[in-house]
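# Summary of the model geometry
For reference, the chains in residue letters:
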Amino acid sequence: MPKIVLLWTDAAVWLLVLALLAYAWAVVRNPNLSANWRKVFRDAPALASSLVLALCLVVTLADSLHYRLPLPHAQGAPDGVVAYDTRTHSLLDAGLSKLIESREVTYSRPLAYVSFTKETVTAADGRVERMAPRLKHGGAHLTRPEQQWRQDVLVRAGVGLLKGAALATLLAGLLVVCLARSRRSTLSEALTSVWRNEGEIPWRAALWAIVVLALLIGAVTSLMGWYHVLGTDTTGNDVLYQALKSIRTAFVIGSLATVATLPLAVVLGIMAGYFGGWVNEVIQYLYTVLSSVPNVLLIAACVLMVQVFLDTHPDLFETAVERADLKLFLLCAVLGLTGWAGLCRLLRGETLKLRELDYVQAASAFGVSHTRIMLRHIFPNVAHLMLIVTVLEFSSLILYEAVLSYVGVGVDPSMNSFGGMINFARKEMSRDPVVWWSFAAAFGFMVTVVLAANLFADGVRDAFDPRARSFRPRLAVRPPAPSAP
């Protein structure tokens, strides 16, 4: 029986998921919130990007279930005492076990069957040659790789594309069936409506996103058990595995650091705008001083202090993963405690306007307490700003992590991250010939996640911010033809 390991970030991620489900339940029960979120998904880029983010969230959750396997019972050990492996695994590791086990000696190109680095080999006739040796795992099933490699890659990729197309067809069929039932129409009418992009939600964009994702997943999963799809790094580890593991790090930093900014920003911003006077002056002074300090230097100083604490207390951790995870958790806290000034300034300005409105003045005249006014009248009317800023800051913090890891003050080097991959690829890009695939994989995955987050944030901003709202005409759904008497 494996031992369940609950890391700091695991607990935080699952708490955020529960909070997200609670918010979704509140949205379903609130007509105004439901109408705003329908406006979000009326935007085709926002709808398609939400599917990409949902897929990344699934990867994050699978990588947030950690456990340690039991070791075989040693001779002479007391009965009933179980020793566990020092390595901590996740559910994602179990699904990608083939990638973990297929470690090579050093670099290899994507889909290659020979090593990138050449070795000196003595031929049968005594001549000394420089040649690239065969990989231990990539393309090891090929008996005549020079003749079989191209056909094998094309066949396996084609089979994967067919599997992806079948999955996309299944998901599209389920979507059409659900739409037909909700609209009380026939399947052909629902399919025609989706294809013509009619209705309030642009389901055609969602279908195209599903098709592209399904084809990519099908092709990659069909190849990754036999080849290294994105190559290997200097230690022979699979780059695709590192990129998938980095998604969790990006999501943890983007979500936890954003949530960490909310308490100080919301409390101080509303207090500064509502009370005014010396309270406003003190809070303004605080965030002005904080904004005047370079963020990178401030965060670097805090991270170095955290590093000193971790180095001087090694007895607090059973495994290296727990130590690296606590550093990641504290990095999110540092990013939150140093990044609340912008949202605080925004909420202060909005509260200054809200406190002069008639219903707030009436509540104050009737003797309602300041705390109740801020909770019942001010906070609900600035909540949309919190949501917009939270979504917008998500992608910025992912890029910030890459910068911090690149300069050496980010996550622990033993933890996979996009910034760490780019940092390790810095020397590889100066080689001749260039080892480009580690940098390209990190850059491609990071840009995909950040672009999806930005497109989704644009949809949220247009729906919840009246000043930025844009209404796009949509084709109405044609009513079903009346049945013959």
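Given the structure is predicted, the values throughout are model-derived calculations rather than measurements. (Residues numbered from 1 in each chain as written. Predicted model: local features only at pLDDT ≥ 70, side-chain atom pairs only at ≥ 80, totals over all residues. Heavy atoms only, no water.)

## Regarding the overall build of the protein
Tallying secondary structure elements over the protein gives 17 helices and five strands in all. Principal axes of the C-alpha set define a box for the protein whose edges measure 100 × 80 × 55 Å. Taking all contacts inside the protein whose residues are at least 6 apart in sequence as the whole, residues at least 24 apart take part in 73%. Accessible surface computed for the protein: about 26500 Å², of which carbon and sulfur atoms make up 67%. Distance from the positive charge centre (43 side chains) to the negative charge centre (35 side chains) of the protein: 8 Å. (Helix = DSSP H or I, 4+ residues; strand = E, 2+ residues; numbered from the N terminus. Contact = heavy atoms within 4.5 Å. Areas by Shrake-Rupley, 256 points an atom, 1.4 Å probe, with all protein chains shown as cover. Lys, Arg positive; Asp, Glu negative; His and termini not counted. Charge placed at Lys NZ, Arg CZ, Asp CG, Glu CD.)

## A look at the packing of aromatic side chains
Evaluation of the coordinates by the stated rule reveals 13 aromatic pairs. Ring centres of Trp8 and Phe329 lie 5.3 Å apart, and the angle between their planes is 40°; on these two criteria the pair is classed as tilted. Of the two residues, Trp8 sits in helix H1 (residues 8–29) while Phe329 sits in helix H12 (residues 320–338), which places them 321 residues apart along the sequence. One aromatic cluster is present, formed by Tyr23, Trp37, Phe41, Phe456 and Phe464 through successive ring pairs. When the ring centre of Trp226 is taken as origin, the NZ or CZ atom of Arg156, which lies over that ring, is 4.1 Å away. (Phe/Tyr/Trp six-rings, centres within 6.5 Å; stacked < 30°, edge-to-face > 60°. Lys NZ or Arg CZ within 6 Å of the ring centre and 35° of its normal.)

## Regarding the side chain of Asp233
Within the fold, Asp233 resides in the loop between helix H8 (203–224) and helix H9 (239–275). Buried within the structure, Asp233 lacks any salt-bridge partner; its nearest side chain of opposite charge belongs to Arg103, at an N-O separation of 6.6 Å. A polar atom in the side chain of Asp233 sits 2.8 Å from the backbone nitrogen of Asn237. At 2.8 Å, the side chain of Asp233 and the side chain of Gln242 are in polar contact. Each residue touching Asp233, except ones within four places of it in the same chain, is listed here: Thr106, Tyr107, Val239, Gln242 and Ser438. (Buried < 20%, exposed > 50% of the residue type's maximum accessible area, 1.4 Å probe, protein only. Salt bridge = Lys/Arg side-chain N within 4 Å of Asp/Glu carboxyl O. Polar contact = N/O pair within 3.5 Å; in protein donor to acceptor, adjacent residues only side chain to side chain.)

## Digging into the pattern of salt bridges
Throughout the structure, instances matching the rule amount to 14 salt bridges. Salt-bridge contacts for Arg355 lead to Glu356; the nearest nitrogen and oxygen are separated by 3.3 Å. Its relative accessible area of 23% is what places Arg355 among the partly exposed residues. Through salt bridges that share partners, Lys3, Arg68 and Glu318 make up one connected network.

## Side note on the packing of helix H3 (residues 44–62) against H8
Contact geometry of H3 with H8 gives a least axis separation of 8 Å together with a crossing angle of 35°. Both H3 and H8 take part in a crossing whose hand is right-handed. Between H3 and H8, the contacting residues are Ala44, Leu47, Ala48, Leu51, Val52 and Leu55 on the first element and Ala205, Ala206, Ala209, Ile210, Leu213 and Ile217 on the second. (Axes fitted to C-alpha atoms, helices over the stretch in contact; angles between N-to-C directions. Left-handed = near helix turned anticlockwise from the far one by under 90°.)

## Brief notes about the state of the cysteines
This structure, assessed with the given rule, holds zero disulfides. Here Cys332 stays unpaired: no disulfide links it, and the sulfur of Cys302, its closest cysteine neighbor, is 14 Å away. (Disulfide = S-S within 2.5 Å.)

## Considering the packing of helix H13 (residues 341–354) against helix H15 (residues 370–406)
Two packed helices can be described by the angle between their axes and the distance between those axes. Direction vectors running N to C along H13 and H15 enclose 150°, while the axes themselves pass 10 Å from each other. By the criterion of interaxial angle, the relationship of H13 to H15 is roughly antiparallel. Remark: the crossing between H13 and H15 carries right-handed chirality. Two secondary-structure elements touch here, H13 through Leu343, Leu346, Leu347, Glu350, Thr351 and Leu354 and H15 through Ile378, Asn381, Val382, Leu385, Met386 and Val389. (Parallel < 35°, antiparallel > 145°, perpendicular 65-115°, else oblique.)

## Overview of helix H11 (residues 295–312)
For H11, with 18 residues, the first-to-last C-alpha span of 26 Å sits near the 26 Å given by 1.5 Å per residue. Among the residues of H11, Ile299, Ala300, Cys302, Val303, Val306, Gln307 and Leu310 are the ones counted as buried. Buried residues along H11 sit in contact with H12 and H15. (Expected span 1.5 Å × (residues − 1).)

## As for the confidence of the model for the protein
The predicted model of the protein has a mean per-residue pLDDT of 85, with 94% of residues at 70 or higher. Across the protein, element-level confidence peaks in H3 with a mean pLDDT of 93 and bottoms out in strand E4 (residues 119–122) with 76. (pLDDT = per-residue confidence, 0-100.)

## Observations regarding a nonpolar patch on the surface
A cluster of nonpolar side chains, namely Trp278, Val282, Tyr285, Leu286 and Val289, defines an oily patch on the protein surface of about 570 Å² accessible area. Tracing the chain through its elements places Trp278 in helix H10 (residues 277–292). (Patch = residues over 30% accessible without salt bridge, like charges linked within 9 Å, V, L, I, M, F, W, Y side chains within 5 Å.)

## Digging into the sheet that holds strand E3 (residues 89–90)
Judged by pairing direction, the sheet is antiparallel, and its three strands sit side by side in the order E1-E2-E3 without closing on themselves. Since the sheet does not close on itself, it has two edges, and those belong to strand E1 (3–5) and E3, each with one partner. Strand direction decides the pairing type here: strand E2 (residues 66–68) and E3, joined by two bridges, are antiparallel. Note that in E3 the partner of Tyr67 across the bridge is His89. (Pairing = 2+ DSSP bridges.)

## A look at the nonpolar core
Counting residues in each nonpolar core, the largest one holds 54 residues, and the members touching the most others are Trp37, Val40, Val460 and Phe464. If you list the elements that add at least two residues to this core, you get helix H2 (31–41), H3, helix H6 (145–183), H8, H9, H15, helix H16 (418–428) and helix H17 (437–464). The residues contacting Val40, other than those within four sequence positions of it, are Ala46, Phe456, Gly459, Val460, Ala463 and Phe464. The next biggest cluster of nonpolar side chains, apart from the first, holds 26 residues, and it includes Ala272, Tyr274, Ile283 and Leu347. (Core = buried A, V, L, I, M, F, W, Y, C linked by side-chain atoms within 4.5 Å.)

## Thoughts on the environment of Ala12
You can see Ala12 is positioned in helix H1. For Ala12, a relative accessible area of 13% gives the class buried. When the C-alpha positions of Ala12 and Ser64 are compared, they lie 9.8 Å apart, and in sequence the two are 52 residues distant.

## As for unusual backbone geometry
What you tend to see is this: most non-glycine residues have negative phi, and most peptide bonds are trans. The phi dihedral of Leu111 falls on the positive side, at around 60°, and the residue is not glycine. Looking at where Leu111 falls in the secondary structure, it is placed in the loop between helix H5 (97–101) and E4. Positioned with a positive phi, Arg184 is a non-glycine residue whose angle comes to about 55°. Structurally, Arg184 is set in the loop between H6 and helix H7 (187–195).

## Quick word on the environment of Ser291
Positionally, Ser291 belongs in helix H10. The sequence separation of Ser291 and Leu96 amounts to 195 residues, and the corresponding C-alpha distance is 43 Å. Among all residues touching Ser291, those that are not within four sequence positions of it are Ala341 and Arg345.

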